[in-house]
Amino acid sequence: IRGYPKRDMAIGLELLIRLFPRPVELRFATWDQFDLEKAVWIKPAEIMKKGIAHAVPLSKQAVQLIKELETYRTESNLLFPSRESLNKPISDNTFNQALNRLGYKGRQNPHGFRHIASTELNNKYSDREQVVEATLAHLKTGVKGVYDKGAHFEERIGMMQWWSDYIDEMVG
């Protein structure tokens with residue numbers, strides 16, 4: 001993925017891996033949603049599946065990638081603007097096509113990075129299921145969902161850094 005010929009797209013793919021957002025959330029991400037000093041991405045309700053804003057702690061590696069992506073920034077506020085219009089995001093198929101070109105056709109898709117992250121985080125943090133679910137922006141169900149509105153943000157900071165470090169270990 002890091003060797004993909006279009007560096008901005010390689011960064012996008014790596015952000016999908018490290019931050020495991022729904023692909024639509026990254027496609028519609030704007031520069032003003034990121035506070036790199038505080039290392040947080042505030043995804044607004046409009047782009048979220050459940051219509052609730054969600055704060056994502058950014059690992060050191062994610063912050064570095066976003067800073068590098070900024071060197072490719074255009075006049076658009078979108079991180080990944082379309083070639084046809086700077087006011088529209090890239091196509092919903094763009095990340096998929098990049099993965100296909102890298103040889104992952106039929107084996108990996110952008111949304112699949114959420115599955116991988118969920119599996120590994122649940123393996124590592126099996127005693128913190130609620131925190132893992134909050135990391136994935138999943139709502140709590142049942143009575144727990146009615147009474148517990150905790151976002152577990154502080155705990156998710158360490159979890160997101162562990163995930164990025166784990167990826168670096170795997171990559172070598």
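Computed from a predicted structure; not experimentally measured. (Residues numbered from 1 in each chain as written. Predicted model: local features only at pLDDT ≥ 70, side-chain atom pairs only at ≥ 80, totals over all residues. Heavy atoms only, no water.)

*Asks:* I keep staring at the side chain of Ser118 and nothing clicks. Help me out?
*Replies:* For Ser118, the location among the structural elements is in helix α5 (residues 112-124). Setting aside anything within four residues of it in sequence, one finds Ser118 in contact with Val132 and Leu136. (Helix = DSSP H or I, 4+ residues; strand = E, 2+ residues; numbered from the N terminus. Contact = heavy atoms within 4.5 Å.)

*Asks:* Any chance you could explain the pattern of salt bridges here in plain terms?
*Replies:* Oppositely charged side chains can pair when the atoms bearing their charge come close. For the structure shown, the criterion picks out eight salt bridges. A salt bridge links Asp168 to Arg18, with the nearest nitrogen and oxygen atoms 2.6 Å apart. In this pair, Asp168 is assigned in helix α8 (residues 153-171) and Arg18 in helix α1 (residues 7-19), connecting sequence segments 150 residues apart. We classify Arg18 as buried; its relative accessible area is 2%. (Salt bridge = Lys/Arg side-chain N within 4 Å of Asp/Glu carboxyl O. Buried < 20%, exposed > 50% of the residue type's maximum accessible area, 1.4 Å probe, protein only.)

*Asks:* Where do I start with α1 in this structure?
*Replies:* Because an α-helix completes one turn every 3.6 residues, residues spaced three or four positions apart along the sequence face the same direction. Under the 1.5 Å per step criterion, the end-to-end length of α1 is 18 Å for 13 residues, consistent within 8% with the ideal 18 Å. Phe20 occupies a position one or two residues after α1 and carries a positive phi of about 35°. (Expected span 1.5 Å × (residues − 1).)

*Asks:* Any chance you could explain the environment of Ser85 here in plain terms?
*Replies:* Within the secondary structure layout, Ser85 lies in the loop between α3 (60-70) and α4 (94-104). By relative accessible area, which is 21% here, Ser85 ends up partly exposed. Residues Ser85 and Gln33 lie 52 residues apart in sequence; the distance between their C-alpha atoms is 20 Å.

*Asks:* What should I look at first to understand the sheet that holds strand β2 (residues 40-43) in this one?
*Replies:* Note: strands within a sheet are paired through backbone hydrogen bonds, in either parallel or antiparallel orientation. Taken in spatial order, the three strands make up an open sheet running β1-β2-β3, and their pairing is antiparallel. At either end of the open sheet lies a strand with only one pairing partner, and these are β1 (34-35) and β3 (54-57). Strand direction decides the pairing type here: β2 and β3, joined by four bridges, are antiparallel. Paired with Ile42 across the two strands is Ala55, which belongs to β3. Relative to the sheet, α8 contacts β2 and β3, its axis offset from that of β3 by approximately 40°. (Pairing = 2+ DSSP bridges. Axes fitted to C-alpha atoms, helices over the stretch in contact; angles between N-to-C directions.)

*Asks:* Mind showing me how you'd approach unusual backbone geometry here?
*Replies:* Backbone phi values are negative for most residues with the exception of glycine, while trans is the configuration of most peptide bonds. Positive phi outside glycine occurs at Phe20, with the angle close to 35°. When its relative accessible area of 1% is taken as the criterion, Phe20 is described as buried. The phi torsion at Ala39 lies on the positive side, around 55°, for a residue other than glycine. Following the sequence through the fold, Ala39 ends up in the loop between β1 and β2.

*Asks:* Would you take a moment to explain α4 for this structure?
*Replies:* Restricting attention to buried positions, one finds in α4 the residues Phe95, Ala98 and Leu99. Seen end-on, α4 carries its buried residues on one side only, within an arc spanning 95°. A positive phi of about 75° marks Gly106, the residue just after α4. (Arc of directions from axis to C-beta.)

*Asks:* Help me out: how do you make sense of the nonpolar core in this one?
*Replies:* A general trend in soluble globular proteins is that nonpolar side chains are found buried together. Of all hydrophobic cores here, the largest spans 39 residues; its most connected members are Leu15, Leu19, Leu26, Trp41, Leu58 and Phe95. Secondary structure elements with two or more residues in this core: α1, α3, α4, α5, α6 (129-135) and α8. With eight residues, α1 is the largest single contributor of residues to this core. Excluding anything up to four places from it in sequence, Leu15 contacts Phe20, Pro21, Leu26, Ala62, Leu65, Ile66 and Leu69. (Core = buried A, V, L, I, M, F, W, Y, C linked by side-chain atoms within 4.5 Å.)

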